[in-house]
There are 2 protein chains.
Amino acid sequence: MTSAKPRGATITDVATAAGVSRAAVSKVLRDAYGVSDAMRERVNAAMEELNYRPRIAARAMRGRTFTIGIELPDLANQFFTRMITGALQELEGTRFQVVIAPAERGSRHGLRAIEALVDRQVDGVIAVAPRATPEALERISVHAPLVMFGRHDTSEAYDTVAGDDEAGARMAMEHLLHLGHTRIANLTLPEADHDLSSPHGIRLRTYKAIMEAEGLVAGSRVVHCDEGQDAASEAISRALERDWHSTALFASHDELAIGALRAITEARHPISVIGYDDVPIASHPALGLTTVRQPGAEMGATAIRLLMERLDGRTEAVHEVFEPELVVRSSTSRPGI
Amino acid sequence: MTSAKPRGATITDVATAAGVSRAAVSKVLRDAYGVSDAMRERVNAAMEELNYRPRIAARAMRGRTFTIGIELPDLANQFFTRMITGALQELEGTRFQVVIAPAERGSRHGLRAIEALVDRQVDGVIAVAPRATPEALERISVHAPLVMFGRHDTSEAYDTVAGDDEAGARMAMEHLLHLGHTRIANLTLPEADHDLSSPHGIRLRTYKAIMEAEGLVAGSRVVHCDEGQDAASEAISRALERDWHSTALFASHDELAIGALRAITEARHPISVIGYDDVPIASHPALGLTTVRQPGAEMGATAIRLLMERLDGRTEAVHEVFEPELVVRSSTSRPGI
DNA sequence: ATGAAAGCGCTAACAG
DNA sequence: CTGTTAGCGCTTTCAT
């Protein structure tokens, strides 16, 4: 019912109310050394009384904000949810808070969101931005330590956490080959063509290399689509209507695989699909998506750990690579495929 | 390759480099009135040169941060993704940036995350926190305008955006009744029992009222589970093993429904399931989840609009309610159910 | 059109 | 153990 909007009390108000100095309040705030219990009591009471909240922005001008920013290109991709879960777990019990900045749709590289985070004085950034140039990222890393998720370049300016995408793609392809498939299509994002060292670029390249090595070039087929299940579904739907000869599909990640499955199920086509990541829904019996699992939570936790090391003073770059794992499943909705 | 970590240039550095005053740089920054083109040129060049980034924290001490904070209890729930999509769309073309703060797992009310946002000086907050008390929220709304998502209380201190949960639950139940079901179970969150005016509380209450009105109390059954598909799946799995007599299940939201479907599909039980929200995956043919659709994107956009109105000076509270809609589907994995 | 100067809320020496 | 003081980087009158 406070009629006015006094935009909150300040440290000075608290100090006055408690009859102490601002420094004293500040110390209580940070529970720094050198405050008597009596004073702490009084100050806390005054804070309560005044509904006081410290302005981190003001604190930021001197030191840390205890905030980690995570930039994501696609909130709907549940692999990132796993990553974040791991990051949050690693941060549990610390003073750090996570904020997530979604890249605007259409902005292909996510740089704007990363910059927004940096401008807001986060102490460190974890970002998923396969299309950003190393130069842009190096420019950013001047302002805050940066861990890039899923990149395979090895700049000195930022750390990276990635999966072994070549090994993973190989697993996927070998699985399909063992099943006897010879006409295997690939569903990937447009970026795969341009950013050859991005996860999708590597998976595509590996797909092509294996098809060639197996003498199956004639049976290969690459379908492109934008991010997301809907775009994947539409792309495959269109492809099925035209000249489709493949018996299997390697989708560059699970969201695409699930979108493809949508079109395939609707068209009642007997096509084997394999995805990548192992998002939570992939294991649903109705979907039963065979996929290549990446340890998302561990990767997220590692990203946080790398950031903390940087905050503790490390200056050389670290590049962590995680091994993927094949997960074979079957679906109740498309038995025997 | 900048070896030192000078933590970035400041406005003073830019001013010096461009040979102008700090005020001038500030004006260019905000493209305020009264800067010659020549000066703007020079200043922009200097900024580029120095890799300058304005510190929003410093700006925050005077005015706005142009940041909207969104607190979410469960990143994995795709309904919130739809909400955020709507919010981002509404903000497109403005200077505002969205940051998302995930509530820590286990913290039942999400208050800490909301406070973290407020402490970081966001200009406004959208929050999903059915369990928070009105008092706590009113305390927060002193510091920043607040729009609560999915609450049915009507405090004067904050706005609300919610769906008509009673109407929605009624739709769901009537659908099952029309199908001829008489033994209908309900799967809901623990909070539904305590927070009677939360969405889940209302959906549960409506379920009970209808079962009673139809004289089907003997066939009713309420199963509780924690948030998320896994918890839902386990709860239903356990229930199925014991004394299960229901032929239909009304799950309080789609994530729970999908989790339940997991257990039901695995147990090969012929049970009709209806969810709530209509998350994107619900329409997948392998799942074919019948559900009650809420217009998530519109609700998110509306939340932003309410926030902007508050920032423009509105002081009376507004409470928006959206009408849900029944979406009937069928699944390829469990045909005829 | 441009600049000087005050001050936003907080922290971090340093004195007492 | 407590208080004084000097900024942090930016915006914003108010002069010039």
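Here, the structure is the one placed above.
All values reported here derive from a predicted model rather than from experimental measurement. (Residues numbered from 1 in each chain as written. Chains lettered and ligands numbered in written order. Predicted model: local features only at pLDDT ≥ 70, side-chain atom pairs only at ≥ 80, totals over all residues. Heavy atoms only, no water.)

Attention shifts here to the interface of chain A and chain B. With 62 residues of chain A at the interface, the matching set in chain B holds 62 residues. Surface buried jointly by chain A and chain B totals about 5500 Å² across both partners, of which 57% is contributed by carbon and sulfur atoms. The tally of links between chain A and chain B comes to four salt bridges. At the junction of chain A with chain B, the criterion picks out 27 residue pairs in polar contact (both at pLDDT 80 or more). Those elements giving two or more residues to the side of chain A that touches chain B turn out to be helix H4 (56-60), helix H5 (78-91), strand S2 (97-102), helix H6 (111-119), helix H7 (134-141) and helix H12 (254-267) of chain A. Ranked by residue count, the leading element in the side of chain A that touches chain B is S2(A), at six residues. Of the residues in the side of chain A that touches chain B, the class split is 32 nonpolar, 18 polar and 12 charged. (Contact = heavy atoms within 4.5 Å. Buried area = accessible area lost by both parts, 1.4 Å probe. Salt bridge = Lys/Arg side-chain N within 4 Å of Asp/Glu carboxyl O. Polar contact = N/O pair within 3.5 Å; in protein donor to acceptor, adjacent residues only side chain to side chain. Helix = DSSP H or I, 4+ residues; strand = E, 2+ residues; numbered from the N terminus. Nonpolar A, V, L, I, M, F, W, Y, C, P; charged D, E, K, R; others polar.)

A few words now on the protein's contact with DNA strand C. For DNA strand C, the set of nearby residues contains 28 residues, the closest of which are A:Ile11, A:Arg22, A:Arg30, A:Tyr52 and A:Arg59. Note that a phosphate oxygen of DNA strand C is positioned 2.4 Å from one of the side-chain N or O atoms of A:Tyr52. Contact distances for DNA strand C include 3.0 Å between a phosphate oxygen and a backbone N or O atom of B:Ser21. Those elements that place two or more of their residues in the surface near DNA strand C are helix H2 (22-29) and H4 of chain A together with helix H2 (22-29) of chain B. For the surface near DNA strand C, a count of residues per class yields 14 nonpolar, five polar and nine charged. (Near = heavy atom within 4 Å.)

A few words now on unusual backbone geometry. Residue and element names in this part refer to chain B. In the Ramachandran plot, Gln121 falls in the positive-phi region, its phi being about 65 degrees despite a non-glycine side chain. Structurally, Gln121 can be placed in the loop between helix H6 (111-119) and strand S3 (124-127). Residue Gln121 is classed as buried on the basis of its relative accessible area of 15%. Of note, Arg268 is a non-glycine position whose phi angle comes to about 55 degrees, a positive value. By the secondary structure assignment, Arg268 is in the loop between helix H12 (254-267) and strand S9 (272-274). (Buried < 20%, exposed > 50% of the residue type's maximum accessible area, 1.4 Å probe, protein only.)

Moving on, we come to the nonpolar core. Counting 107 residues, the largest nonpolar core has A:Leu187, A:Ile236, A:Leu249, B:Leu187, B:Ile236 and B:Leu249 as the members making the most contacts within it. Apart from the residues lying within four places of it in its own chain, the contact partners of B:Ile236 are B:Leu187, B:Val223, B:Trp244, B:Leu249, B:Ala260, B:Ala263 and B:Ile264. In this structure, A:Ala113, A:Ala132, B:Ala101 and B:Tyr158 belong to the second largest nonpolar core, which totals 39 residues. (Core = buried A, V, L, I, M, F, W, Y, C linked by side-chain atoms within 4.5 Å.)

Mapping chain A onto chain B leaves a residual RMSD of 0.1 Å; the transformation is a rotation of 180 degrees accompanied by 0.0 Å of translation along its axis. In short, the pair behaves as if placed about a two-fold rotation axis. Taking C-alpha positions as the reference, the residue of chain A nearest the rotation axis is A:Ser333, at 1.9 Å. The share of interface residues of chain A whose copies in chain B are also at the interface is 98%, consistent with both copies meeting through the same surface. (Least-squares fit on C-alpha atoms with pLDDT ≥ 70 in both.)

All names here are of chain B. Ordered in space as S7-S6-S8-S9, the four strands form an open sheet in which the pairing is parallel. Only two strands of the sheet have a single partner each, and these edge strands are strand S7 (221-224) and S9. Strand-to-strand, the axes of this sheet are offset by a mean angle of 20 degrees, without reference to chain direction. Alignment of strand S6 (residues 184-188) against S7, held across four bridges, turns out to be parallel. (Pairing = 2+ DSSP bridges. Axes fitted to C-alpha atoms, helices over the stretch in contact; angles between N-to-C directions.)

The next point concerns the sheet that holds strand S8 (residues 248-251) of chain A. Residues and elements named next belong to chain A. Read from one edge of the open sheet, four strands run S7-S6-S8-S9, paired in parallel fashion. The open sheet has two free edges, formed respectively by strand S7 (221-224) and strand S9 (272-274), since each of these has just one partner strand. Within the sheet, the average angular offset between the axes of one strand and its neighbour, ignoring direction, is 20 degrees. By the bridge criterion, three bridges tie S8 to S9 in an arrangement that is parallel. In the strand pairing of S9, Phe250 is matched with Ile274.

Glancing now at empty space enclosed by the protein. With the rule as written, the count across this model stands at two cavities of 30 Å³ or more. As for the largest cavity, its lining consists of 20 residues, of which A:Thr67, A:Arg120, A:Gln121, B:Arg120 and B:Gln121 are closest to the centre. Elements that contribute at least two residues to the lining of the largest cavity include exactly H4 of chain A together with helix H4 (56-60) of chain B. Taken together, the residues of the lining of the largest cavity sort by class into 12 nonpolar, six polar and two charged. Contributing to the lining of the second largest cavity are A:Leu72, A:Leu75, A:Phe80, A:Thr81, A:Ile84, A:Ile100, B:Leu72, B:Leu75, B:Phe80, B:Thr81, B:Ile84 and B:Ile100. Within the residue set of the lining of the second largest cavity, elements represented by two or more residues are H5 of chain A together with helix H5 (78-91) of chain B. When grouped by side-chain class, the residues that make up the lining of the second largest cavity number 10 nonpolar, two polar and no charged. (1 Å grid on protein atoms, 1.4 Å probe; cavity = no way out; pocket = protein on both sides within 12 Å on 5 of 7 lines; lining within 4 Å. Points joined across faces, edges and corners; volume = space filled by probe spheres on them.)

Contacts to DNA strand D come from 26 residues, most closely from B:Ile11, B:Arg22, B:Arg30, B:Tyr52 and B:Arg59. In DNA strand D, atoms within 4 Å of the protein come from the sugar-phosphate backbone in 57% of cases. Taking A:Ser36, its side chain carries an N or O atom lying 2.8 Å from a phosphate oxygen of DNA strand D. A distance of 3.5 Å is found between a base oxygen of DNA strand D and a side-chain nitrogen or oxygen belonging to B:Arg62.

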